[in-house]
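# Summary of the model geometry
Here is how the chains run, residue by residue.
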Amino acid sequence: MAVITVKDLSKNFKVKVKEKGLKGSIKSIIKPKYNIIKAVKNISFSIEKGEMVAFIGPNGAGKSTSIKMMTGILFPDKGEIDVLGLNPEKDRRKLAYSIGCVFGQKEQLWTHLTPYDNFKFFGAIYDIPEKQVEKKIDEFRELFELDEFINTPVRNLSLGQRIRCEIVASLIHEPKVLFLDEPTIGLDPVVKEKIRTLIKRMNKEYKTTVILTSHDVSDIEKLCKRVIIVNKGQIVLDDTMENLKYHYLNKKIIDAKMKEKVNLEDKDGITILKDKDYNLKLEVDLKKTSISEAINLLNTDNIIDINISNVPLEQIISSIYKDGDK
Amino acid sequence: MLTEVKNQIKVNILSTKYALEREMLNKVTFVSNIIFMILNNASFIVQWVILYAIKDNIGGYSFKQVLLLWGLAAMGYGVSRFFFKNAFNLSDMINTGKLDNYLVQPKNVLLAAITSDVEVSALGDILYAYIILLIYGLSLKSFLLFTLFGITAGFILASVSVIFSSLAFWFGRVEVISNTLNSIMTNFATYPEGIFKGIIKILFYTILPLGFASYLPVQIMTNFNIYNLLVVIFIVLLFIGLAFLTFYKGLRKYSSTNLMNARV
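Conventions and cut-offs
Throughout this document, residue positions are counted from 1 along each chain, in the order its sequence is written. For naming, the first written chain is A and the first written ligand is 1, with later ones following in the order written. In view of the model being predicted, local features appear only for residues whose pLDDT reaches at least 70, and side-chain atom pairs are presented and counted only at 80 or more, with totals across whole chains, interfaces and linings using the full set of residues. The basis for every side-chain value is the complete set of heavy atoms in the structure, and neither hydrogens nor water enter the calculation. Secondary structure elements follow DSSP: runs of H or I of four or more residues count as helices, runs of E of two or more count as strands, with numbering from the N terminus. Only the C-alpha atoms count toward the radius of gyration. The rule for a globule is 2.2 Å times the residue count to the power 0.38. Accessibility here uses a 1.4 Å probe with only protein chains present; expressed as a share of the type maximum, an area under 20% marks a residue as buried, one over 50% as exposed, and anything in between as partly exposed. By the convention used here, residues are in contact when the closest approach between their heavy atoms is within 4.5 Å. The protein chains shown are the only cover counted for residues, whose accessible areas, like all others here, come from Shrake-Rupley with a 1.4 Å probe. Two residue types count as positive, namely Lys and Arg, and two as negative, namely Asp and Glu; His and chain ends fall outside the count. A single reference atom marks each charge: NZ on Lys, CZ on Arg, CG on Asp, CD on Glu. Source of the domain bounds: an automatic or database domain assignment. In the analysis that follows, any N or O atom pair within 3.5 Å is treated as a polar contact, provided that within protein one partner can donate a hydrogen and the other can accept it, and provided that, for residues neighboring in sequence, both atoms belong to side chains. Paired strands are those between which DSSP finds at least two bridges. A fitted line through C-alpha atoms represents every axis, and for helices the fit uses only the stretch in contact; the resulting angles, taken between N-to-C directions, go from 0 to 180 degrees. An angle counts as roughly parallel when it lies under 35 degrees, as roughly antiparallel when it exceeds 145, as roughly perpendicular when it falls between 65 and 115, and as oblique in every other case. Crossings are sorted by hand: turned counterclockwise from the far helix by less than a right angle, the near helix makes the crossing left-handed, and turned clockwise it makes it right-handed. Each residue receives one of three labels: charged for Asp, Glu, Lys and Arg, nonpolar for Ala, Val, Leu, Ile, Met, Phe, Trp, Tyr, Cys and Pro, and polar for the others, Gly being one of them. Defined here as a combined quantity, buried area equals the accessible surface (1.4 Å probe) lost by two parts on assembly, summed across both. The rule for a salt bridge is simple: a side-chain nitrogen of Lys or Arg has to be within 4 Å of a carboxyl oxygen of Asp or Glu.

## Focus on the overall build of chain B
Within chain B, the secondary structure is distributed over 13 helices and zero strands. Tracing chain B from N to C terminus, the helices and strands come up as α-α-α-α-α-α-α-α-α-α-α-α-α. Taken over the C-alpha trace, chain B has a radius of gyration of 19 Å; the compact-globule value for 264 residues is 18 Å, and the two agree within 12%. The proportion of buried residues among the 264 residues of chain B is 53%. Residue pairs in contact within chain B that sit at least 24 positions apart in sequence constitute 77% of those at least 6 positions apart. Entry remark: accessible area of chain B is about 12300 Å², with carbon and sulfur atoms responsible for 71%. The positive charge centre, built from 19 side chains, and the negative charge centre, built from 11, are 5 Å apart in chain B.

Structure (structure tokens):
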């Protein structure tokens, strides 16, 4: 069953254009000029219950605008949105009881209060009886390992602890859909991993549908089974992570350390990425040639060490972004 | 419906309470802000003492009425800035995308936004207002009417600010306009009505409704009239309604931002 259905969604922003310097400023007051930025252009997709979907794209691609329309923050210019059977534009307050949002860049917690008091405040916002909130806090205390700092004012918490509390605050009313907008921004790798594990656990335990935006490819790779890539306001890819890897991982990287210097040139299917001293780095397109053919070119007796790896997912995603730019 | 209103008020009171607790963290600043505001207000009364030593009647007001006017002005200012501080920062909140957090919560966005902060020095204004009432002459009737008109004035000031600040949805940076109009409302509230004539007087009974925030309440307190009292209440409700209407009309044009911000 689809919990989110988006059909032909569009949103434009009117932006004032100003020429350089003071003269430009005066001109823009007398005769203002505007540019229409098409932030989102006719996007359509649907998301099923319990799915964890990565909603990604380069900066300014339109992903935050789309999420803000799905949560009722922004009003669309055109198109239809259905989240849990409700229209965010008309039923914003009703919908808010069933969705949760974490904006990595925008803090919702009161910094002088402890996480415990913050959670109680959020309980009041969602009209949850006190006893029920306390029960919920106890439950999350264990799941999100909050014991160590639940009674410490938020301003004294580390960024990782704070983000954990932000997530808990957004879950206190048991939302059916959770929007995570760059939840791991600015976190160190260990804390990131912890947050990911917790999100996974939460999805498993509560069957919460998760829509995640992140510039960190590991977040996407480790959490989501489906990826929607947005660029220039349009969806350029909507596929499973498995398919993405299968279709785009037809290139391999060979790193080789040689005994003697080899003089190689680009060949059909083989691209030399680096050739410095006795170190070589080749990209092999498996659609055109094979790994053994590339190794043969190097002469196996001449190889001291060799490493064959996949093209990093990050590179795949950025090439999709670039394709979208063309 | 009743439960919804009850829950909404509960959240707004909690929000004000937490904001006050935050301000109280720094004891010295908290107390000194209140005391200095009382002293600041008191210093202005001195000029009126001097003026009334020369003349018995200024702009149709006796010294006692000017005292009352000052008391009501301080009370209205205090109530509006303490309980609805962000009504006076609303245009900035609109321009910097700070409404996002309130928009994803199942509560009234405008109320959540404007009650999310308190101005501590405004407590000094409220205390000062009651000191003035003591000097004016305290009775049960004067206390109740003074409190009521302090609250209605606070609602009027906050509503007018919301209306002008909401223009930010259409025109962007309107801080200068809204701040200027708010200052006019605050400054002119301490002068006797009789010194204003013509268009200024019309303004004070229309788009800058000082007449209903200060002048009419002073009249009612010195010469009680139920009809005038009902007019004040009606006008307050009208401005509250207009504030909600303008804000929600503008909210459709809200464009948010991706600026980083924190609730500190």
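## Considerations on the overall build of chain A
A count of helices and strands for chain A gives 11 helices and 13 strands. Across its three principal axes, chain A shows a C-alpha extent of roughly 75 × 60 × 45 Å. Here chain A has roughly 16300 Å² of accessible surface; of this, 48% comes from carbon and sulfur atoms. A distance of 7 Å separates the average location of the 55 positive side-chain charges in chain A from that of its 48 negative side-chain charges.

## What to know about the domain arrangement of chain A
Partitioning chain A into domains gives domain 1 (2–9 + 40–246) and domain 2 (250–310). If you average the C-alpha positions of domain 1 of chain A and of domain 2 of chain A, the two centres end up 43 Å apart.

## As for the side chain of Arg196(A)
All names here are of chain A. Mapped onto the elements, Arg 196 comes out in helix α7 (residues 189–206). A polar contact is formed between the side chain of Arg 196 and the side chain of Glu 193, at a distance of 3.1 Å. If we ignore the near neighbours within four places in the chain, the residues touching Arg 196 are Asp 216, Ser 218, Asp 219, Lys 222 and Leu 223.

## Focus: the pairing of strand β9 (residues 234–240) of chain A
Residue and element names in this part refer to chain A. One ladder, built from six bridges, connects strand β8 (residues 226–231) with β9; its direction is antiparallel. Of the residues in β9, the one forming a bridge with Asn 231 is Gln 234. Here β8 folds back onto β9, and the loop between the two strands holds two residues, one of which, Lys 232, carries a positive phi near 50°.

## Concerning the packing of helix α8 (residues 140–165) of chain B against helix α10 (residues 175–188) of chain B
Angle between the axes and distance between the axes: these two values describe a pair of packed helices. Residues and elements named next belong to chain B. Where α8 contacts α10, the two axes come as close as 9 Å, and the packing angle between them is 160°. Comparing their axes, α10 and α8 come out roughly antiparallel. When the axes of α8 and α10 are compared, the crossing they make is right-handed. Touching Ile 156, Leu 157, Val 160, Ser 161, Phe 164 and Ser 165 of α8 are Ser 178, Leu 181, Asn 182 and Met 185, all from α10. Taken together, the residues of the contact of α8 with α10 break down into six nonpolar, four polar and no charged.

## Some remarks on the interface of chain B and chain A
Listed by partner, the interface residues are 37 residues for chain B and 32 residues for chain A. Summed over both sides, the interface of chain B with chain A buries roughly 3300 Å², with 55% coming from carbon and sulfur. The interface formed by chain B and chain A includes four salt bridges. Viewed at the interface, chain A and chain B are joined by 11 residue pairs in polar contact (both at pLDDT 80 or more). Among the elements that line the side of chain B that touches chain A, the one with the most residues is helix α1 (residues 2–24) of chain B, at 11 residues. Its residues assigned to classes, the side of chain B that touches chain A comprises 16 nonpolar, 13 polar and eight charged.

## Side note on the sheet that holds strand β13 (residues 303–310) of chain A
Residues and elements named next belong to chain A. The strand order β11-β12-β10-β13 describes an open sheet built from four strands, whose pairing is antiparallel. Here the strands that pair on one side only, and so sit at the sheet edges, are β11 (270–276) and β13. Strand-to-strand twist across the sheet, computed as the mean angle between neighbouring axes with direction ignored, equals 15°. In the sheet, β11 pairs with strand β12 (residues 279–285) via six bridges, with the strands oriented antiparallel. Looking at β12, one finds that Thr 271 is bridged to Glu 283. Docked against the sheet, helix α10 (residues 291–298) engages β10 (251–258), β11, β12 and β13, running at close to 20° with respect to β10.

## As for the pattern of salt bridges
Scanning the model with the defined rule gives 31 salt bridges over all chains in all. Across the pair Lys107(B) and Asp127(A) runs a salt bridge, and its minimum N-O distance is 2.8 Å. Here Asp127(A) lies in the loop between α4 (115–125) and α5 (130–143) and Lys107(B) lies in the loop between α5 (100–103) and α6 (109–114), a pairing that spans two chains. Judged by its relative accessible area of 28%, Asp127(A) is partly exposed. Between Asp219(A) and Arg196(A) there is a salt bridge whose closest N-O contact spans 2.6 Å. One end of the pair, Asp219(A), is in helix α8 (residues 217–223); the other, Arg196(A), is in helix α7, with 23 residues separating them in the sequence. Here Asp219(A) matches Arg196(A) in class, with each residue buried. Salt bridges sharing partners connect three or more residues here, namely Lys192(A), Glu193(A), Arg196(A), Asp216(A), Asp219(A) and Lys222(A).

## Some details on unusual backbone geometry
All names here are of chain A. Although it is not a glycine, Asn 42 adopts a positive phi angle of roughly 45°. Secondary-structure assignment places Asn 42 in strand β2 (residues 33–48). For Asp 277, which is not glycine, the phi torsion reads 50° and is therefore positive. For Asp 277, the location among the structural elements is in the loop between β11 and β12.

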